[in-house]
Amino acid sequence: MTSEKNNRPFPHWRNEEQGEEQQNGNKCAANLWLWQGQCEEKCPNRTYPTVDEASHISVCSWCHYSCKYCIGPNDYECSACFGDATLYQMSTTENFCYPIILLPAIDTAAWYQSKYVLQW
């Protein structure tokens, strides 16, 4: 889709100083996130919204490869998993996506640790 006025792709880039649309700007308009050269209203699957520390630009960044949805880049910041995995909460701030086949081993190790290792 393009704008008839200037034949530029939607959504538009914004130049903060001039307030006019531009195709090769470096920031998106307010409430939009930069993703692969386009300004998006919402970050796509497997990405999360953040502000780039160096450029201070609102961008979509990749989740850890094990996460379908996330709140940050680390493997413990998953909020949803792919079909072959399940969300496993290690603590109130750590949510991992583990393959379903590994869960019995993880549960056994956690039980063993809570009964024997943590008592020392």
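Just above sits the structure.
First things first, this report covers the structure right here in the doc. Sequence positions are assigned chain by chain, starting from 1 and proceeding in written order. With the structure being a predicted model, the display of local features is reserved for residues of pLDDT at least 70 and the display and counting of side-chain atom pairs for 80 or more, all residues being used for whole-chain, interface and lining totals. As a convention, hydrogens and water are excluded, and side-chain values are obtained from all of the structure's heavy atoms.

1. Some points on unusual backbone geometry
The phi dihedral of Gln-36 is positive, around 50°, even though this residue is not glycine. Only DSSP runs of H or I reaching four residues or more are called helices, and only runs of E reaching two or more are called strands; each is numbered from the N terminus. Residue position: Gln-36 is located in the loop between β4 (33-35) and β5 (38-40). Phi angles above zero are rare outside glycine, and His-56 is one such case at about 60°. Relative to the assigned elements, His-56 resides in the loop between β6 (47-51) and β7 (58-62). For His-56, a relative accessible area of 58% corresponds to the exposed category. Each residue is placed in one exposure class: buried if its accessible area under a 1.4 Å probe, protein chains only, is under 20% of its type's maximum, exposed if it is over 50%, and partly exposed if it falls in between.

2. Topic: the nonpolar core
In plain words, nonpolar cores are sets of buried Ala, Val, Leu, Ile, Met, Phe, Trp, Tyr and Cys residues tied together by side-chain atoms within 4.5 Å. Residues Tyr-48, Cys-63, Cys-67, Cys-70, Cys-78, Cys-81, Ala-85 and Cys-97 constitute the largest nonpolar core, which totals eight residues. At the level of secondary structure, the elements contributing two or more residues to this core comprise β8 (67-70) and β9 (78-81). If we ignore the near neighbours within four places in the chain, the residues touching Cys-78 are Ser-66, Cys-67, Tyr-69, Cys-70, Leu-87, Asn-95 and Cys-97. Formed by seven residues, the second largest nonpolar core is a distinct cluster that contains Leu-34, Cys-39, Ile-57 and Val-59. Contacts are residue-level and defined by heavy atoms, with any inter-residue pair within 4.5 Å sufficient.

3. With respect to the state of the cysteines
Sulfur atoms of two cysteines make up a disulfide when they are within 2.5 Å. Here the structure, examined in full by the defined rule, presents five disulfides. Shown here is the disulfide that connects Cys-28 with Cys-39, its sulfur atoms set 2.2 Å apart. Sign of the S-S torsion, about -90° for the bond between Cys-28 and Cys-39, identifies this disulfide as left-handed. Taken together, the positions of Cys-28 in strand β3 (residues 27-28) and Cys-39 in strand β5 put the pair eleven residues apart, joining distant regions of the chain. With respect to burial, Cys-28 and Cys-39 carry one shared label: buried.

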